[in-house]
Amino acid sequence: AKSRALDVITNNVCPGRAQQARPMTEPELTTTRVLALPLQDGLVSGKIRAAGVGDDEPDTTGRPDIWAGIIPITRVYGAPITEGDCKVAVPANVAALQTPSGDRAKMGAVFGVGIVLGAL
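What counts and how
- Residues numbered from 1 in each chain as written.
- Predicted model: local features only at pLDDT ≥ 70, side-chain atom pairs only at ≥ 80, totals over all residues.
- Heavy atoms only, no water.
- Helix = DSSP H or I, 4+ residues; strand = E, 2+ residues; numbered from the N terminus.
- Buried < 20%, exposed > 50% of the residue type's maximum accessible area, 1.4 Å probe, protein only.
- Contact = heavy atoms within 4.5 Å.
- Areas by Shrake-Rupley, 256 points an atom, 1.4 Å probe, with all protein chains shown as cover.
- 1 Å grid on protein atoms, 1.4 Å probe; cavity = no way out; pocket = protein on both sides within 12 Å on 5 of 7 lines; lining within 4 Å.
- Points joined across faces, edges and corners; volume = space filled by probe spheres on them.
- Polar contact = N/O pair within 3.5 Å; in protein donor to acceptor, adjacent residues only side chain to side chain.
- pLDDT = per-residue confidence, 0-100.
- Salt bridge = Lys/Arg side-chain N within 4 Å of Asp/Glu carboxyl O.

K.L.:
Describe the overall build of the chain, with residues and values.
P.N.:
Of regular secondary structure, the chain possesses 5 helices and 3 strands. Listed N to C, the secondary structure of the chain is α-α-α-β-α-β-α-β in terms of helices and strands. Scored against the burial criterion, the 120 residues of the chain give a buried share of 11%. Intrachain contacts of the chain at a sequence separation of at least 6 include 72% that bridge at least 24 residues. With an accessible surface of roughly 9300 Å², the chain has 59% of that area assigned to carbon and sulfur atoms.

K.L.:
Give a description of the layout of surface pockets that names residues and reports values.
P.N.:
Quantified by volume, the second largest pocket comes out at close to 220 Å³. Contributions of two or more residues to the lining of the second largest pocket are made by α1 (2-13) and α2 (17-20). Broken down by element, the lining of the second largest pocket gets its largest block of residues, 4 residues, from α1.

K.L.:
Give me the side chain of Asn11: which residues, what numbers.
P.N.:
Looking at the secondary structure, you find Asn11 in helix α1. Of note is the side chain of Asn11, whose polar atom sits 3.0 Å from the backbone nitrogen of Ala18.

K.L.:
I'd love a proper account of the environment of Arg75, names of residues and values included.
P.N.:
Structurally, Arg75 is set in the loop between β2 (66-73) and α5 (92-95). Residue Arg75 is classed as partly exposed on the basis of its relative accessible area of 48%. Considered as a pair, Arg75 and Thr99 are 24 residues apart in the sequence and their alpha carbons are 8.8 Å apart.

K.L.:
Tell me about the confidence of the model for the chain, and please be specific about residues and values.
P.N.:
Of the residues in the chain, 62% have a pLDDT of 70 or more, and the chain-wide mean is 75. Here strand β3 (residues 109-116) stands out as the least confident element of the chain, with mean pLDDT 40; helix α3 (residues 26-31) is the most confident, with 92. Considering only residues more than four positions removed or in separate chains, one finds that residues 104-120, a stretch of pLDDT under 50, has 53 contacts.

K.L.:
Residues and numbers for the environment of Thr82, please.
P.N.:
Within the secondary structure, Thr82 sits in the loop between β2 and α5. The exposure class of Thr82 is partly exposed, given its relative accessible area of 38%. If sequence neighbours within four positions are ignored, Thr82 has contacts with Val88 and Val90.

K.L.:
Give a detailed account of the pattern of salt bridges, specifying residues and quantitative values.
P.N.:
Under the defined criterion, the tally for this structure stands at 1 salt bridge. Arg22 is the partner of Glu28 in a salt bridge, and the nearest nitrogen-oxygen pair spans 2.7 Å. You can call Glu28 partly exposed: its relative accessible area is 27%. By relative accessible area, Arg22 is classed as exposed at 54%.

Here is the structure:
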C-alpha cells in the first residue's frame, strides 16, 4: 500500500515517472513515511483561485471563529540536472516540468483555507 501511495504522489508531480524510476529498496520503503490526513466535512475546506478569498459579508461577519485568508503557493521547476555517471538522456516528461524563465513571474496559485478554530 505504501509503495502504491508513493507512486501516486510521484506521478502527480511528474506523470509516468514512477514507472521510469527504479523500484525503492526495502530499507528506503521502511524509512519513508506516507501521511494520510483524515479531513472531516465541515471542519476544513480548500480551494484554488486566482486571487483573494472573495467571502461575502455574511461569511466574514457571521463566523468570527473561522480564519479566512490565502496561502500563496508557487511551484517552479528548474532545468533537470543529470547525475554525473548517468548515461541516459533526460526523459521528455521530466524535461517538460521545467518552467520557462519568462513564465516564472506569472506562476503561482492561491490556495484558500478555512479552519474552524478550536475544532482540531
